[in-house]
Amino acid sequence: MSKTILYIEDDLSNRLLVRHLLGNAGYRVVEAVDGLNGVQAAQAERPDLILMDLGIPGLDGYETTTRIKSLAGLGHIPIIALTATAREGDRQRALTAGCDGYLTKPINVDRLPQQIAEFLNGFRETVAADEEKAYLREYNPRLVDRLEQKIKELSRANQALVHTDLMKSRFINLAAHELRTPLTALHGYIGMLATQLAAETDENTQQIFEGVNSSVDRLRGIVQDMLDITRIEAGKLQLRHSPVSLALIFNKIRRDFENVAQKRQQRLAIAEVEHMPMMWGDGERITQILRNLVSNAIKYTPDGGEIALNAEIFNEPATPGAEPRQLVRITLRDTGIGIAPDQQERIFESFYEVRDIELHSSSKTDFMGGGAGLGLPIARGVAEAHGGSLWVESNGHDPERCPGSTFYLILPLGTPATG
Ligand code: ADP
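(A) Fine view of the overall build of the protein. Per the secondary structure count, the protein includes 10 helices and 12 strands. Computed over the C-alpha atoms, the radius of gyration of the protein is 32 Å, more than 25% above the 22 Å expected from 2.2 N^0.38 for a compact globule of 419 residues. The dimensions of the protein, computed from C-alpha atoms along their principal axes, are 95 × 60 × 45 Å. Per-residue burial for the protein yields a buried fraction of 42% across its 419 residues.

What follows is the structure, given as structure tokens:
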């Protein structure tokens with residue numbers, strides 16, 4: 001089997017030349033254009049020899065060599081440095097960084113295949129121990145210097161990102177506030193118009209009114225979600241605590257969703273929880289969490305599926321120094337399309353959509369009808385503001401097999417003192 005040579009080089013003409021020379025000599029040549037890709041290629045390919053240009057961007061050739069030599073299973077691979085700028089001491093520097101040989105550019109077309117064969121047969125260049133020590137003393141501070149530079153660059157980039165994120169939140173907040181006022185007026189006028197014309201309108205006109213009304217309601221819902229998410233992100237969500245009956249909330253959910261579930265021929269199994277003690281929390285907000293979860297469950301479960309909502313009380317495991325709390329575990333299980341493991345955290349990010357935005361139908365209940373991607377982040381934000389948590393478990397995403405998803409909502413049972 002032909003030997004594999006990894007050539008790490010940013011210059012295309014050099015890559016073409018080496019590919020040609022070594023290819024003709026019977027080697028398999030794989031290439032990487034910078035240090036990080038070079039390290040990855042070395043791990044993936046496990047080549048027989050690495051040809052390393054020292055002047056590559058990002059991690060330079062010295063650093064890439066040191067990195068590859070330190071990785072498990074790669075240390076024995078001979079690395080041959082190639083450099084165009086042969087400064088005094090560069091050979092020793094390359095060998096000190098971990099290279100096993102040193103060739104200068106321009107590449108010697110006649111000799112390269114033979115030189116590679118020698119290194120493959122075990123030939124190694126060495127540097128005297130005292131020289132190596134001196135070059136290591138020079139190499140180490142240079143590495144620390146580069147590290148410091150990179151950390152500074154990263155901190156600057158991070159500050160810029162934080163600023164952009166803040167601007168994004170401000171924009172969403174501003175847009176939502178600006179939209180809210182005319183939408184509220186529109187909602188009011190439509191109501192007045194509908195009342196005034198009630199006697200005269202025919203069925204057709206009434207249907208138009210209903211259509212306009214439900215579109216305005218949907219828009220108001222989106223604007224409200226935008227306001228909620230900016231409050232949650234800023235840690236400014238205000239909860240209005242009072243005694244909360246989970247049984248009342250479950251009844252409300254049943255009333256809100258039984259018709260749409262029926263339309264989709266889904267079985268909506270909502271547990272009877274009359275026996276459960278009262279909770280202490282923001283009832284409106286807890287209802288909002290369950291509405292978001294149940295409307296998603298309906299959306300992402302095909303017609304004829306099943307959605308089950310349950311609740312139970314349990315005691316938090318004791319931790320040293322903290323009073324154990326009583327918690328409510330609410331589970332929402334569906335027989336829907338499921339969620340891939342790598343998406344199970346990401347779906348709680350604001351505006352995150354698993355699918356292409358262009359593809360969704362924006363319906364709250366149609367199968368796979370998408371939304372603004374705010375339902376779950378708001379639900380988690382409200383749960384956390386209560387001192388609770390929300391997560392999902394699913395055996396993967398498969399619209400054919402439908403493995404289903406289970407959302408877990410944990411809320412403290414709470415007391416007036418904790419609110
Ligand atoms: P959206 O408004 O898009 O429904 P959400 O924040 O409520 O936004 O949900 C984010 C994404 O999580 C959805 O686009 C969907 O891909 C996925 N998702 C949410 N609930 C379920 C579920 N019960 N089954 C499968 N996927 C779900």
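From this point, the discussion proceeds with the structure in view.
(B) Representation of the sheet that holds strand β10 (residues 326-334) within the structure. The strand order across the open sheet formed by 5 strands is β7-β9-β10-β12-β11, and the pairing between neighbours is mixed. Among the strands making up the open sheet, the edge pair consists of β7 (267-270) and β11 (389-394). Each strand of the sheet is rotated relative to its neighbour by a mean of 15°, with strand direction disregarded. Note: β10 against strand β12 (residues 405-412), 8 bridges, orientation antiparallel. Residue pairing in the sheet places R329 in a bridge with I410 of β12.

(C) Spatial organisation of the sheet that holds strand β5 (residues 101-104). The strand order across the open sheet formed by 5 strands is β2-β1-β3-β4-β5, and the pairing between neighbours is parallel. Edge positions in the sheet fall to β2 (28-32) and β5, since each of these pairs with one other strand and no more. Sheet twist, expressed as the mean angle between neighbouring strand axes with direction ignored, is 20°. As paired strands, strand β4 (residues 79-83) and β5 are joined by 4 bridges and run parallel to one another. Directly across from L82, in β5, lies its bridge partner L103. The strands that helix α3 (residues 61-70) touches are β1 (4-8), β3 (49-53) and β4; relative to β3, the one it contacts most, it runs at about 155°.

(D) Geometry of the nonpolar core. Grouped together as the largest cluster of nonpolar side chains are 57 residues, with contacts concentrated most on L246, F250, L290, I330 and F407. In terms of residue count, the dominant contributor to this core is helix α8 (residues 246-263) (8 residues). In this structure F407 touches L293, I330, T331, L332, I339, I347, F348, L376, W391 and V392, once residues within four positions along its chain are discounted. If you look at the next biggest cluster of nonpolar residues, it comprises 25 residues, including A32, L71, I77 and A97.

(E) A look at the pairing of β12. Within β12, 8 of the 8 residues are buried, leaving the element largely enclosed by the surrounding structure. Of the two faces of β12, the one carrying S405, F407, L409 and L411 and the one carrying T406, Y408, I410 and P412 are both buried. Relative to β12, β11 runs antiparallel, the two sharing 6 bridges. Its bridge partner being in β12, S394 is matched across the sheet by S405.

(F) Broad picture of the packing of α8 against helix α9 (residues 283-299). Orientation of α8 relative to α9, taken along the N-to-C sense of each, is 30°, at an axis distance of 10 Å. As the angle between them shows, α8 and α9 are arranged roughly parallel. α8 and α9 meet at a crossing whose hand is right-handed. In this structure, α8 contributes I249, F250, K252, I253, D256, F257, V260 and A261 to the contact, and α9 contributes G283, E284, I286, T287, L290, R291, V294, S295 and I298.

(G) Here's a closer look at the pattern of salt bridges. For the coordinates displayed, the defined rule picks out 29 salt bridges. Of the charged contacts in the structure, one is a salt bridge between D228 and R231, with a shortest N-O distance of 3.5 Å. Residue D228 and its partner R231 are located together in helix α7 (residues 203-233), separated by 3 residues, close to a single helical turn. What makes R231 partly exposed here is its relative accessible area of 28%. For R264, the salt bridge goes to D303, with nearest N and O atoms at 2.5 Å. Here R264 is found in the loop between α8 and β7, whereas its partner D303 is found in the loop between α9 and β9 (306-315), with 39 residues between them in sequence. Taking relative accessible area as the criterion, R264 reaches 8% and is therefore assigned buried. Judged by relative accessible area, which is 46%, D303 ranks as partly exposed.

(H) Highlighting the packing of aromatic side chains. Under the defined criterion, the tally for this structure stands at 3 aromatic pairs. Between F348 and F407 the ring centres are 6.4 Å apart and the planes differ by 65°, which places this aromatic pair in the edge-to-face class. Of this pair, F348 sits in the loop between β10 and α10 (375-385) while F407 sits in strand β12, placing them 59 residues apart in sequence. Of the residues examined, F348 reaches a relative accessible area of 7% and is grouped as buried. Take F407: its relative accessible area is 7%, and that puts it in the buried class. For the ring pair W391 and Y408, a centre distance of 5.3 Å and an interplane angle of 15° mean the geometry is stacked. Here W391 is found in strand β11, whereas its partner Y408 is found in strand β12, with 17 residues between them in sequence. Classification of W391 by relative accessible area gives partly exposed; the value is 30%.

(I) Examining the side chain of E63 more closely. Looking at the element boundaries, E63 is found in helix α3. A polar contact of 2.6 Å, which involves the side chain of E63, links it to the side chain of R146. Not counting chain neighbours up to four residues away, the residues in contact with E63 comprise G58, Y139, R142, L143 and R146.

(J) Highlighting α10. With respect to burial, α10 is a largely interior element, 8 of its 11 residues being buried. Every buried residue belonging to α10 is among L376, P377, I378, A379, R380, G381, V382 and A383, and all of these are buried. Buried residues along α10 sit in contact with α7, α9, β11 and β12.

Parameters and conventions
- For every chain, the first residue of its written sequence is number 1, and the numbers climb from 1 along that sequence.
- Only residues with pLDDT of at least 70 are given local features in this predicted model, and only at 80 or more are side-chain atom pairs given and counted; all residues enter the totals for whole chains, interfaces and linings.
- Based on all heavy atoms of the structure, the side-chain values leave hydrogens and waters out of the count.
- Secondary structure elements are defined from DSSP: runs of H or I of at least 4 residues count as helices, runs of E of at least 2 residues count as strands, and each element is numbered from the N terminus.
- Radius of gyration: over C-alpha atoms. The globule rule applied is 2.2 Å multiplied by the number of residues raised to the 0.38 power.
- Between buried and exposed lies partly exposed: a residue is buried under 20% and exposed over 50% of the maximum accessible area for its type, with that area taken using a 1.4 Å probe on protein chains only.
- Two strands pair if DSSP finds at least two bridges between them.
- Throughout, an axis means a line fitted to C-alpha atoms (over the contacting stretch in the case of helices), and angles, computed between N-to-C directions, take values from 0 to 180 degrees.
- What makes two residues a contact is simply this: any of their non-hydrogen atoms within 4.5 Å.
- Remark: nonpolar core denotes a set of buried residues (Ala, Val, Leu, Ile, Met, Phe, Trp, Tyr, Cys) joined through side-chain atoms within 4.5 Å.
- Reported orientations rely on four angle classes, namely roughly parallel under 35 degrees, roughly antiparallel over 145, roughly perpendicular from 65 to 115, and oblique for the rest.
- Helix crossings are classified by the rotation of the near helix relative to the far one: an anticlockwise turn of less than a right angle makes the crossing left-handed, while a clockwise turn makes it right-handed.
- Each salt bridge in this description consists of a side-chain nitrogen of Lys or Arg and a carboxyl oxygen of Asp or Glu lying within 4 Å of one another.
- Note on ring pairs: Phe, Tyr and Trp rings are taken, using the six-membered ring of Trp, and paired if centres are within 6.5 Å. Classes follow the plane angle, with under 30 degrees stacked, over 60 edge-to-face and the rest tilted.
- Under this definition, polar contacts are N or O atom pairs within 3.5 Å; protein pairs additionally need one hydrogen-donor-capable and one acceptor-capable atom, and for neighbouring residues in sequence, both atoms have to be side-chain atoms.

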